[in-house]
Amino acid sequence: MKKGLIFAALALVMTMFCSCGLTATKATVSVTVKNQLGIPQSGVIVYMYDAEEWAAEELLLPASASKYVVTEDDGVAVFNLNTMDLDVIDNQATVYFVVFDAAGDERGSVAVTVKKGDNKRVDLILRR
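Everything in this summary refers to the structure shown in the same document. Keep in mind that this is a model prediction, so the values were computed, not measured. (Residues numbered from 1 in each chain as written. Predicted model: local features only at pLDDT ≥ 70, side-chain atom pairs only at ≥ 80, totals over all residues. Heavy atoms only, no water.)

1. Details of the sheet that holds strand β2 (residues 45–50)
- Overall, antiparallel pairing links the four strands, which are arranged β3-β2-β5-β6 in an open sheet. In this open sheet, the two strands that pair with only one neighbour each are β3 (67–70) and β6 (106–114). Each adjacent strand pair in this sheet contributes to an overall mean axis angle of 25 degrees, direction not counted.
- Of the pairings in the sheet, the one linking β2 to strand β5 (residues 93–100) comprises four bridges and is antiparallel in character. Bridging from a neighbouring strand, Tyr-49 pairs with Tyr-96 of β5. (Pairing = 2+ DSSP bridges. Helix = DSSP H or I, 4+ residues; strand = E, 2+ residues; numbered from the N terminus. Axes fitted to C-alpha atoms, helices over the stretch in contact; angles between N-to-C directions.)

Below, the structure written as structure tokens:
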């Protein structure tokens, strides 16, 4: 019984250390896409660009995005970011979320500054 208790305590400590490490290397951004009346829009593709991509592209293209997520029924697109997704400077990174129309023209965008471990929510309001 004593060995079982020691093993359980060791497993608990290992789980705590592993959980802390995972949280510290990830960030989550929830982007709610709304029309001009403030109504959430489902089925909209939201594209993500890092600061380097944003600065280098005079004309942003959907194909050059780092990631994309389709909004759910509630109008929310959840981006789970890890250290590979974040161009970190001074322990934070700025990422840009964009929605395009069928012709490839930008319908709306929003920038978010995140740090490892953040869980942020932002609204992206569509034009037109």
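2. A closer look at the side chain of Thr-71
- Relative to the elements of secondary structure, Thr-71 occurs in the loop between β3 and β4 (76–82).
- One polar contact links the side chain of Thr-71 to the main-chain carbonyl oxygen of Gln-41, over a distance of 2.8 Å. (Polar contact = N/O pair within 3.5 Å; in protein donor to acceptor, adjacent residues only side chain to side chain.)

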